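Breakdown of the fold
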Amino acid sequence: MNASVVVFPGSNCDRDVLYALGKIAGIPAVPVWHKDPVLPEDTDLVVLPGGFSYGDYLRCGAMAARSPIIQGVREHARRGGLVLGICNGFQVLTEAGLLPGALLANSNLEFICSPCLLRVERSDTPFTNAYPEGTLVQFPIAHHEGLYFLPERELQKLEDNRQVVFRYAAADGSAGAQHSPNGSLNGIAGIVNSSGNVLGLMPHPERASEKLLGGTDGLGMWYSIKSWLEGGAR
Amino acid sequence: MKFRARILVSLKEGVLDTQGKAVLVSLKNLGFDVVEEVRIGKSIEIVLSAGSAEEAEKKVESMCEALLVNPLIETGRVSLEAIG
């Protein structure tokens, strides 16, 4: 079981993810430079971490999505390998066309850095099988472009296909657009592709993986991935 | 031949333009009551060499497709001038 964490110029959560995977969850993880055209051969999970790849120039994630390594990520996804995009990594996945939609500037035009309640909408994915469906988790968000957008008809299709995995929520368990801190349509915080092996989310599970940092709700994601890769959750 | 291409990138109708909205409010606060809508886009200038204007336009169109414009949320309008 091996994870590769892609490092773009401007990535700044790569070390946090490497630490959460390697030191906390016990999934061996190595950094991979974005100019490498292929992933290490034994890669089971690829993580595109948060940050400001290429300074967020042109559009967030646009340049990173055209990096040489993305060809390797595409191949890996096509073979059914796991791909996880966090924050800027989610933006990269939409720009690369590996996930539908786009992330626009937050509706309040502010950079939002805050703990956030999310409802887990699916527990049958490789990334969320350790959370019972409907679980509320708290992950922090830290972004300026996190408003998930998809034209209405495609948004309906996304909902019908049950591709929404995380939704912004309140403590009473309700979730939806009214709880989006950033104006995200339908309260969408994270989605999967139609085959379920590519997940993108704006909140940061790696920043919720140790008590010292304020919470451990993110551990469920690493343990989900681990048991999926070990074959226990299939 | 050398050409200067100008690409005007605008957000599509129906895509929320938060910057435009904020600027609209600011303009109104400054007393410009006549303002009804503000949309903000960006302008990209590219200097390139090509054998003809058509070839230059084709090249710029393919740059738009490859990187400069995200067709889900944006449209790009290309104009071209020969600069020698």
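Residues numbered from 1 in each chain as written. Chains lettered and ligands numbered in written order. Predicted model: local features only at pLDDT ≥ 70, side-chain atom pairs only at ≥ 80, totals over all residues.

1. What about the overall build of chain A?
As a reminder, the rule being used: Secondary structure follows DSSP: runs of H or I at least 4 residues long count as helices, runs of E at least 2 residues long count as strands, and numbering of each begins at the N terminus. Taken over C-alpha atoms, the radius of gyration is set against a globule rule of 2.2 Å times the number of residues to the power 0.38. Counting other C-beta atoms within 10 Å of its own, a residue is labelled buried from 20 upward, exposed at 12 or fewer, and partly exposed in the gap between, with every C-beta atom placed from the backbone. Two residues qualify as a contact pair if the distance between their C-beta atoms, derived from the backbone, is within 7 Å.
Counting its regular elements, chain A contains five helices and eleven strands. Computed over C-alpha atoms, the radius of gyration of chain A comes to 16 Å, within 12% of the 17 Å expected from 2.2 N^0.38 for 234 residues, which places it in the range of a compact globule. Scored against the burial criterion, the 234 residues of chain A give a buried share of 55%. A sequence separation of at least 24 residues applies to 74% of the contacts in chain A between residues at least 6 apart.

2. Overview of the overall build of chain B
Helix and strand counts for chain B come out as two helices and three strands. Here the C-alpha radius of gyration of chain B, 16 Å, is well above what a compact globule of 84 residues would show, namely 12 Å. Its C-alpha atoms give chain B principal-axis dimensions of about 50 × 30 × 15 Å. Of all 84 residues assigned to chain B, the portion counted as buried reaches 17%. Partitioning the intrachain contacts of chain B with sequence separation of at least 6 by distance along the chain shows that 69% fall at a separation of at least 24.

3. What to know about helix 1 (residues 14-25) of chain A
All names here are of chain A. As a reminder, the rule being used: Take the residue count of a helix, subtract one, and multiply by 1.5 Å to get its expected span.
In a regular helix each residue adds 1.5 Å, so twelve residues correspond to 16 Å; helix 1 covers 15 Å between its end C-alpha atoms and thus fits that length. Buried within helix 1 we find Asp14, Asp16, Val17, Leu18, Ala20, Leu21 and Ala25. Immediately beyond the C-terminal end of helix 1, within one or two residues, lies Gly26, with a positive phi of roughly 75°.

4. Things to note about the sheet that holds strand 2 (residues 42-49) of chain B
Residue and element names in this part refer to chain B. Note the cut-off: DSSP-based pairing: two strands are paired if at least 2 bridges between them are found. Each axis is a line fitted through C-alpha atoms, and for a helix only the stretch in contact is used; angles between axes span 0 to 180 degrees, taken between their N-to-C directions.
The three strands lie next to each other as 2-1-3, forming an open sheet whose pairing is antiparallel. The sheet is open, and its two borders are formed by strand 2 and strand 3 (74-82), each paired with just one other strand. Averaged over all pairs of adjacent strands, the angle between their axes in this sheet comes to 20°, without regard to strand direction. Of the pairings in the sheet, the one linking strand 1 (residues 2-11) to strand 3 comprises nine bridges and is antiparallel in character. Each bridged residue has a counterpart across the sheet, and for Leu8 the counterpart in strand 3 is Arg77. Strands strand 1, strand 2 and strand 3 of the sheet are contacted by helix 2 (residues 53-68), whose axis makes an angle of about 150° with strand 3.

5. Here we look at the nonpolar core
A general feature of soluble globular proteins is that nonpolar side chains tend to end up buried together. Inclusion rule: When buried Ala, Val, Leu, Ile, Met, Phe, Trp, Tyr and Cys residues are joined through C-beta atoms within 7 Å, the set is termed a nonpolar core.
A:Val5, A:Val47 and A:Leu118 are the most contacted members of the largest nonpolar core, which has 77 residues in total. Of all the elements, helix 1 of chain A adds the most residues to this core, at five residues. Residues contacting A:Leu118, with those up to four places away along its chain left out, are A:Val137, A:Phe139, A:Phe166, A:Arg167, A:Tyr168, A:Ala169, A:Ala189 and A:Pro203. Among the nonpolar cores identified, the runner-up in size contains eight residues, and B:Ala5, B:Cys64, B:Leu68 and B:Val69 belong to it.

6. Some words on the interface of chain B and chain A
Heads up, the condition is: Under the grouping applied here, Gly and all other residues not named as nonpolar or charged are polar, the nonpolar ones being Ala, Val, Leu, Ile, Met, Phe, Trp, Tyr, Cys and Pro and the charged ones Asp, Glu, Lys and Arg.
In this complex, chain B contributes nine residues to the contact, which on the side of chain A involves nine residues. Looking at the side of chain B that touches chain A, its residues break down into six nonpolar, three polar and no charged.

7. A few points about the packing of helix 1 of chain A against helix 5 (residues 219-230) of chain A
Residue and element names in this part refer to chain A. The criterion, for reference: Comment on the angle field: the value is read as roughly parallel under 35 degrees, roughly antiparallel over 145, roughly perpendicular from 65 to 115, and oblique elsewhere. What makes a crossing left-handed is the near helix being turned counterclockwise from the far one by less than a right angle; a clockwise turn instead makes it right-handed.
Look at helix 1 against helix 5: their axes get within 11 Å of each other, and the N-to-C directions meet at 70°. Judged on the interaxial angle alone, helix 5 and helix 1 are roughly perpendicular. Where helix 1 crosses over helix 5, the two elements pack in a sense that is right-handed. Counting all contacts with helix 1, which are made through Ala20, Leu21, Ile24 and Ala25, the residues of helix 5 involved are Trp222, Tyr223 and Lys226. When grouped by side-chain class, the residues that make up the contact of helix 1 with helix 5 number six nonpolar, no polar and one charged.

8. Topic: the pairing of strand 1 (residues 3-7) of chain A
All names here are of chain A. For clarity, the threshold we go by: The crossover handedness rule: strands pointing away from the viewer, path from first strand over the helix to second strand clockwise, crossover right-handed.
In terms of residue burial, strand 1 counts as a mostly covered element, since five of its five residues are buried. Of the two faces of strand 1, the one holding Ala3, Val5 and Val7 and the one holding Ser4 and Val6 are both buried throughout. As paired strands, strand 1 and strand 2 (residues 29-33) are joined by five bridges and run parallel to one another. If you follow Val7 over to strand 2, its bridge partner there is Trp33. Handedness of the crossover joining strand 1 and strand 2 through helix 1: right-handed.

9. Here we look at the confidence of the model for chain B
This is how it is decided: Note: pLDDT gives the predictor's confidence per residue, expressed from 0 to 100.
Mean pLDDT over chain B stands at 95; residues scoring 70 or higher make up 100%. ipTM for the predicted complex: 0.87, alongside a pTM of 0.94.

10. What to know about unusual backbone geometry
Residue and element names in this part refer to chain A. Positive phi, close to 55°, is recorded for Arg162, a residue that is not glycine. Residues other than glycine seldom take positive phi values, yet Asn186 does so here, at roughly 55°. The topology assignment puts Asn186 in the loop between strand 9 (164-168) and strand 10 (188-192). Judged by the 18 C-beta atoms lying within 10 Å of it, Asn186 falls in the partly exposed class.

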